[in-house]
Amino acid sequence: MNRLVVNALYMGIAATFAVSLAACNRDASADAGAAGTPAAQQAAANSGPQYAKVVSVTPVRKTVNNPHQVCRDVVVNHTAPPKDQHRIAGTAIGAVAGGLLGHMVGGGKGKTLATVAGAVGGGYAGNRIEAAHQHGTVTSTTERECNTVSSSSTKIVGYDVTYQYNGVTRSTRMDHDPGDRVEVQQGVVAVSDAR
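Note that the structure is predicted; figures quoted are calculated from it, not measured.

K.L.:
Can you explain the side chain of Thr162? Please cite residues and give values.
P.N.:
Within the secondary structure layout, Thr162 lies in strand β2 (residues 137-165). Engagement of the side chain of Thr162 in a polar contact is seen with the side chain of Ser171, the distance being 3.3 Å. With near-sequence residues (within four places) excluded, Thr162 lies in contact with Lys53, Val54, Val55, Ser56, Thr169, Arg170 and Ser171.

See the structure below:
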């Protein structure tokens, strides 16, 4: 009979073990099915980093004007006016020469008239001759000429990132391109460059 009691005990222990094992398997299956629920997702979110899928990344650009001076040397010609701008010397010399020639021609009252006419004609002729031969003095100097030139450049100041997390699409501005995904903490983007 002892043997019968021992066998019954073994059978009871084996049955208890089988029932316990079946219950554990049921609990594990129920936990696996519950992982897709919001509570399970929240629990998973609390257990480690979560990532959102990046939908689009648009660089934000800013145009900057850069004014600067450009200088160069240029040759400038200066023309100084002649010393006798009114050609007084030519007129005077022409008048004296014309007057002398007119004085040699004619006699009496005609001599005076010829002298005056010769002086007037000679003065005019002397003025024209001096005008033809008179030139201003040209001097050349090198001068520095500077102009302000404005050039513009474009630089990236940030990135507008659109991402999806838990079926919701959100946007944020980041200081770098995050790649294919961004790390989120409780639905808020963290500045992570996870790829």
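K.L.:
Go over the pairing of strand β1 (residues 50-80) with me, naming the residues and quoting the values.
P.N.:
Pairing geometry for β1 and strand β4 (residues 181-185), over four bridges, is antiparallel. Counterpart to Tyr51 in the pairing with β4 is Glu183. In this sheet, β2 lies alongside β1 in antiparallel orientation, the contact comprising 27 bridges. Note on β2: the bridge partner recorded for Val70 is Asn147.

K.L.:
Go over the pattern of salt bridges with me, naming the residues and quoting the values.
P.N.:
The tally for this structure, following the rule as stated, stands at three salt bridges. The shortest N-O distance in the salt bridge between Arg72 and Glu145 comes to 3.1 Å. One end of the pair, Arg72, is in strand β1; the other, Glu145, is in strand β2, with 73 residues separating them in the sequence. Given the relative accessible area of 32%, Glu145 is considered partly exposed. In this structure, the salt-bridge partner of Asp73 is Arg144, at a minimum N-O distance of 3.0 Å. One end of the pair, Asp73, is in strand β1; the other, Arg144, is in strand β2, with 71 residues separating them in the sequence.

K.L.:
With reference to specific residues and values, describe helix α4 (residues 109-133).
P.N.:
Residue pairs spaced three or four apart in an α-helix point in one direction, given the helix's 3.6 residues per turn. With 25 residues, α4 ought to run about 36 Å at 1.5 Å a step, and its terminal C-alpha atoms sit 36 Å apart, in line with that. Of the positions making up α4, those classed as buried are Gly118, Gly122, Gly123, Gly126, Asn127 and Glu130. Tucked inside the fold, the buried residues of α4 contact α3 (88-104).

K.L.:
Can you explain the environment of Ser153? Please cite residues and give values.
P.N.:
Relative to the helices and strands, Ser153 resides in strand β2. Linking Ser153 and Asn65, residues 88 residues apart in sequence, is a C-alpha distance of 6.6 Å. If we skip the residues at most four places from it in the chain, Ser153 touches Lys62, Thr63, Val64 and Asn66. For Ser153, the side chain forms a polar contact with the side chain of Asn66, separated by 3.3 Å.

Scoring rules and cut-offs
- Residues numbered from 1 in each chain as written.
- Predicted model: local features only at pLDDT ≥ 70, side-chain atom pairs only at ≥ 80, totals over all residues.
- Heavy atoms only, no water.
- Helix = DSSP H or I, 4+ residues; strand = E, 2+ residues; numbered from the N terminus.
- Polar contact = N/O pair within 3.5 Å; in protein donor to acceptor, adjacent residues only side chain to side chain.
- Contact = heavy atoms within 4.5 Å.
- Pairing = 2+ DSSP bridges.
- Salt bridge = Lys/Arg side-chain N within 4 Å of Asp/Glu carboxyl O.
- Buried < 20%, exposed > 50% of the residue type's maximum accessible area, 1.4 Å probe, protein only.
- Expected span 1.5 Å × (residues − 1).

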